[in-house]
Amino acid sequence: MILGIETSCDDTSVALVDMTGAILFHQIHSQESLHGTYGGVVPEVASRAHVEVLPSLVRSAFLDTGLSPSHLQGIAVTRGPGLLGSLLTGISFAKGIGSAFRLPLIGVDHVQAHLRACVDSMESLQGKTIGLVISGGHTHLFRIENWPTMELVSQTVDDAAGEAFDKGAKLLGLPYPGGPSIQKEAEKNTLPLLPLTKKRIRTENPLDFSFSGLKTAFSLLVRKTELNERTRPLLAASLQHAIVEHVLDRIEQTVIQESPSHLLVGGGVSANALLRKKLQVFSEQQGMTLHLSPLSLARDNALMIARHGRELFLSGMYTPYPYTSFSPYTREASDVRVKKTVL
Ligand code: ATP
Ligand code: FE
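Residues numbered from 1 in each chain as written. Chains lettered and ligands numbered in written order. Predicted model: local features only at pLDDT ≥ 70, side-chain atom pairs only at ≥ 80, totals over all residues.

### So, the site of ligand 1
Phase 1: By nearness alone, 26 residues border ligand 1, and Gly 136, Gly 137, Gly 162, Gly 179 and Gly 268 come closest of all.
Phase 2: Taken together, the elements giving at least two residues each to the shell around ligand 1 come down to α4 (110-116), α5 (161-171) and α6 (178-186).
Phase 3: A total of four residues in the shell around ligand 1 trace back to one element, the largest contributor, which is α6.
Phase 4: Class assignment of the residues belonging to the shell around ligand 1 gives a composition of seven nonpolar, 15 polar and four charged.
Phase 5: When we break the shell around ligand 1 down by domain, the ones giving at least three residues each are domain 1 (2-115 + 298-315) and domain 2 (119-292). (Near = placed C-beta within 6 Å. Helix = DSSP H or I, 4+ residues; strand = E, 2+ residues; numbered from the N terminus. Nonpolar A, V, L, I, M, F, W, Y, C, P; charged D, E, K, R; others polar. Domains from an automatic or database assignment.)

Rendered as structure tokens:
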């Protein structure tokens with residue numbers, strides 16, 4: 001069995017999977033209500049909440065399944081990217097149990113793990129696979145030829161898609177987290193959409209994403225509009241449309257370049273209903289199999305960490321006790337942006 005621990009940001013989650021990847025236990029404890037009043041994640045509050053919740057979640061994992069840490073083959077824990085304090089709580093806890101039972105630690109990359117949530121088993125993927133992680137802090141496209149490793153094809157050059165949703169919601173005075181609020185507000189709109197950009201967004205690498213231009217255009221539009229029951233849904237729908245169209249444009253370019261047989265789409269923003277619908281239509285047109293993360297696993301969760309961890313473990317990618325070089329990383333080497341709306 002593999003124990004999975006996820007504490008990279010503001011969700012505390014624990015999972016147990018067996019060595020076939022089957023789920024034995026999974027729970028997610030959301031801190032949304034703690035951070036909602038601030039309109040963004042407060043790092044200090046997040047790490048304190050992880051410290052309070054994590055031990056009881058791990059205890060439940062063993063009590064509910066009647067198992068004990070002596071049944072474990074290893075502990076998979078999110079190593080990064082994320083908030084340093086949050087990551088440290090999960091890693092320290094994993095090191096604690098791991099040391100007591102002399103277990104290997106499996107360091108899992110949170111962004112890559114979001115793709116593991118899109119399929120029950122990676123074995124079903126025959127042929128070239130492209131993965132899109134679209135979340136609060138990342139918009140990354142990967143080429144997957146040698147699971148459990150992958151190659152970065154492109155990423156956002158500025159904001160992540162989730163940040164564009166979150167910041168847009170803030171400008172409209174909608175509650176945190178912004179993505180679901182924008183989606184809900186957009187569903188009320190009956191008016192023709194307002195264009196946010198006149199030209200196609202250009203980036204040096206044509207497969208890279210860029211959301212800062214949309215964000216600026218949106219904030220200018222909000223500033224000159226009186227917010228009321230008609231304009232708020234209109235603005236939300238226009239922003240949602242512009243973000244989704246940009247993502248689809250990049251996916252289209254990627255499909256032209258890579259001709260994949262499978263497309264995986266995971267991360268919090270993959271829960272967006274308009275994006276899901278448009279991706280389904282597009283994939284059908286292309287004859288490509290789309291694997292969308294189930295809604296319950298689009299958000300942060302430990303099941304994706306445990307399952308990805310299991311496959312890394314089976315490939316020999318783990319750190320044996322006494323973990324001399326096992327530390328968190330807050331950003332990827334190529335990622336110089338600040339992670340989502342952190343106060
Ligand atoms: P990362 O995975 O990049 O480290 P994170 O873990 O904080 O960041 P997730 O939890 O994967 O991000 O996703 C959270 C993001 O998803 C937020 O920006 C949120 O607004 C967005 N989101 C959630 N539901 C929706 C939705 N229905 N439509 C659009 N965005 C959404
Ligand atoms: Fe995430």
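### Looking at the pairing of strand β6 (residues 129-134)
Phase 1: Judged by how many residues are buried, β6 sits mostly within the fold: six of six residues are covered.
Phase 2: Where burial is concerned, the two faces of β6 agree: the one with Thr 129, Gly 131 and Val 133 and the one with Ile 130, Leu 132 and Ile 134 are both buried.
Phase 3: Strand direction decides the pairing type here: β6 and strand β7 (residues 139-146), joined by six bridges, are antiparallel. Paired with Ile 130 across the bridge in β7 is Arg 143.
Phase 4: Connecting the antiparallel pair β6 and β7 is a turn made up of four residues.
Phase 5: Direction of pairing for β6 relative to strand β9 (residues 262-266): parallel, over a ladder of five bridges. Its bridge partner being in β9, Thr 129 is matched across the sheet by His 262. (Buried ≥ 20, exposed ≤ 12 C-beta atoms within 10 Å, placed from the backbone. Pairing = 2+ DSSP bridges.)

### Points about the packing of α5 against helix α8 (residues 231-258)
Phase 1: Remark: α5 packs on α8, axes separated minimally by 11 Å, with the N-to-C direction vectors making an angle of 175°. Overall, the two elements α5 and α8 adopt an arrangement that is roughly antiparallel. Counted together, Ala 161, Ala 164, Phe 165 and Gly 168 of α5 and Leu 239, Ile 243 and Val 247 of α8 form the full contact between these two elements.
Phase 2: Here the contact of α5 with α8 is built from residues that sort into six nonpolar, one polar and no charged. (Axes fitted to C-alpha atoms, helices over the stretch in contact; angles between N-to-C directions. Parallel < 35°, antiparallel > 145°, perpendicular 65-115°, else oblique. Contact = placed C-beta atoms within 7 Å.)

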